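One letter stands for each residue in the lines below.
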Amino acid sequence: MARRFNRNAKKQKFRFYNKKERNKYNMQQRTAHAKKHVINLSKRRLSNQEYILLAKGLKFIPTPSSKNAKMSILKDYNEFARKLRCRYMFSQEKTDLHPFRSNTGYKPASTCHTLENYIDLTKLELSFLPIERNVKNNLTKGERIALRNLKNDETIVIKKADKNSNCVILDRLDYITEVTRQLNTQHYCQLDSFNMAELKIQVIEYIKSLYDQGIIDKISFKFLTNGQKLRDARLGRIYILPKIHRLETETFKQIQHDGLNELNIIPPGRPIISQYTAPFIIPPVAPINTVAYRTPIGGSSITIHTASTTPAPNWITWIKT
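Analysis parameters
Residues numbered from 1 in each chain as written. Predicted model: local features only at pLDDT ≥ 70, side-chain atom pairs only at ≥ 80, totals over all residues. Heavy atoms only, no water. Patch = residues over 30% accessible without salt bridge, like charges linked within 9 Å, V, L, I, M, F, W, Y side chains within 5 Å. Areas by Shrake-Rupley, 256 points an atom, 1.4 Å probe, with all protein chains shown as cover. Salt bridge = Lys/Arg side-chain N within 4 Å of Asp/Glu carboxyl O. Helix = DSSP H or I, 4+ residues; strand = E, 2+ residues; numbered from the N terminus. Pairing = 2+ DSSP bridges. Axes fitted to C-alpha atoms, helices over the stretch in contact; angles between N-to-C directions. Core = buried A, V, L, I, M, F, W, Y, C linked by side-chain atoms within 4.5 Å. Buried < 20%, exposed > 50% of the residue type's maximum accessible area, 1.4 Å probe, protein only. Contact = heavy atoms within 4.5 Å. Phe/Tyr/Trp six-rings, centres within 6.5 Å; stacked < 30°, edge-to-face > 60°. Lys NZ or Arg CZ within 6 Å of the ring centre and 35° of its normal. Parallel < 35°, antiparallel > 145°, perpendicular 65-115°, else oblique. Nonpolar A, V, L, I, M, F, W, Y, C, P; charged D, E, K, R; others polar.

Draft legend 1. A look at a nonpolar patch on the surface. Taken together, the side chains of Tyr88, Met89, Phe90 and Tyr106 define a hydrophobic patch exposed on the protein surface, amounting to about 390 Å² of accessible area. Relative to the assigned elements, Tyr106 resides in the loop between α4 (69–89) and α5 (113–127).

What follows is the structure in structure tokens.
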């Protein structure tokens, strides 16, 4: 005989609870689930709302403000209309686009009446689009307060754990100590002096020499020298991801039980060097020789294709692969 399960058993569990006790029970269940995804290795004791907030992940996006929503929509539509006009004007040209072409931002004049009529009517309809002001926030009031408190707390660092997506909270001093320990090893060396402005000039001169020898074309030369990435170039930065999986099982369980790092354990970190907006070199189109240069950071090498008549500049050794 098959067993009969009471489908309303879960509802009967709250039959004798009032609303306050039910909310308290739900908060305890949500907090217990959130603590499985949040590892607190700092001296700061987190609240239940902070646990629930951090368990959403570092890529969670709170509900944005709808204050300038209509202006943003119309701005995007103007760019869409510009691309429609360009597509209409240059649709007959069957030329391959250069991979390093720069966006000119060309705004064509009025095209055919049919396309212009469609653009105007659509824009008029978008201008009357109702924008809901009272959008439901995807964070509760307590979670918004927790977000503000965590953002203003300068004594902690919040990072994603290595090998998984758990959220790790570290003391800022412990985080700096681990990064400094890794920088003081044989894998890194400190430069005596560094001038970013001088480096930019040397990069441009080297690219110009490649253009003068015919190794790169004019479009590639303009892309490499006039690009926003070279103008806003800055040094790369290093950060670490805590290796929680390196902790012993008993130690990890003790930290999860206590809710904070009373054992003063600093987990090892996985170093990552972010080269975003850092100076870069693209190999030329027609290489002649291939030379590998060793970098002072990590002892790794970077392969640069150069012409036999073009000497390799010294600043190549400053680039980390």
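Draft legend 2. Looking closely at the sheet that holds strand β1 (residues 38–41). Read across the sheet, three strands follow the order β1-β3-β2 without closing on themselves; strand pairing throughout is mixed. The two strands at the open ends of the sheet, each matched to only one other strand, are β1 and β2 (156–160). On average, adjacent strands in this sheet sit at an angle of 20° to one another, irrespective of strand direction. Looking at chain direction, β1 and strand β3 (residues 167–171) are connected through four bridges and run parallel. For Val38, the partnering residue across the bridge sits in β3 and is Cys167.

Draft legend 3. Structural view of unusual backbone geometry. The phi torsion at Lys163 lies on the positive side, around 75°, for a residue other than glycine. Mapped onto the elements, Lys163 comes out in the loop between β2 and β3.

Draft legend 4. Seen up close, the nonpolar core. Counting 13 residues, the largest nonpolar core has Val38, Leu46, Tyr51, Leu53, Leu54, Leu150 and Ile169 as the members making the most contacts within it. Counting residues per element, this core draws most heavily on helix α3 (residues 48–55), which supplies four residues. Contact partners of Leu46, with chain neighbours within four places excluded, come to Val38, Asn40, Tyr51, Leu54, Leu150 and Ile169. In terms of nonpolar packing, the next biggest core, distinct from the first, is built from twelve residues, Leu41, Ala161, Val179 and Ile255 among them.

Draft legend 5. Structural detail: the environment of Ile156. Along the chain, the position of Ile156 falls in strand β2. Separated by 13 residues in the primary sequence, Ile156 and Ile169 place their C-alpha atoms 6.6 Å from one another. Contacts of Ile156, omitting those with residues within four sequence positions, involve Ser42, Arg44, Leu150, Ile169, Leu170, Asp171 and Arg172.

Draft legend 6. Summary view of the pattern of salt bridges. On inspection of all chains with the given rule, the structure shows ten salt bridges. Put simply, Lys208 and Asp212 hold a salt bridge, and the shortest N to O gap is 3.3 Å. In this pair, Lys208 and Asp212 both sit in helix α8 (residues 196–212), four residues apart, roughly one turn of the helix. On the basis of relative accessibility, which here comes to 53%, the residue Asp212 falls in the exposed class. Each of Lys43, Asp171 and Asp174 takes part in salt bridges that share partners, so that together they form one network.

Draft legend 7. Representation of the packing of aromatic side chains in the model. Using the criterion set out here, one finds three aromatic pairs in the structure. Arranged with centres 6.0 Å apart and planes meeting at 45°, the rings of Tyr77 and Phe80 form a pair that is tilted. Of this pair, Tyr77 and Phe80 both sit in helix α4, three residues apart, roughly one helical turn. Look at Tyr77 and you get buried, because its relative accessible area is 7%. Above the face of the Phe60 ring, Lys56 is positioned so that its terminal group lies 5.3 Å from the ring centre.

Draft legend 8. Highlighting the packing of α3 against helix α6 (residues 141–152). The interhelical angle for the contact between α3 and α6, taken along N-to-C directions, is 85°, at an axis separation of 8 Å. Judged by the inter-axis angle, α3 sits roughly perpendicular to α6. Where α3 abuts α6, its residues Gln49, Glu50, Ile52, Leu53 and Leu54 lie against Gly142, Glu143, Ala146, Leu147, Asn149 and Leu150. Residue composition of the contact of α3 with α6, by class: six nonpolar, three polar and two charged.

From the geometry alone we can't say anything about function, so treat these as descriptive.
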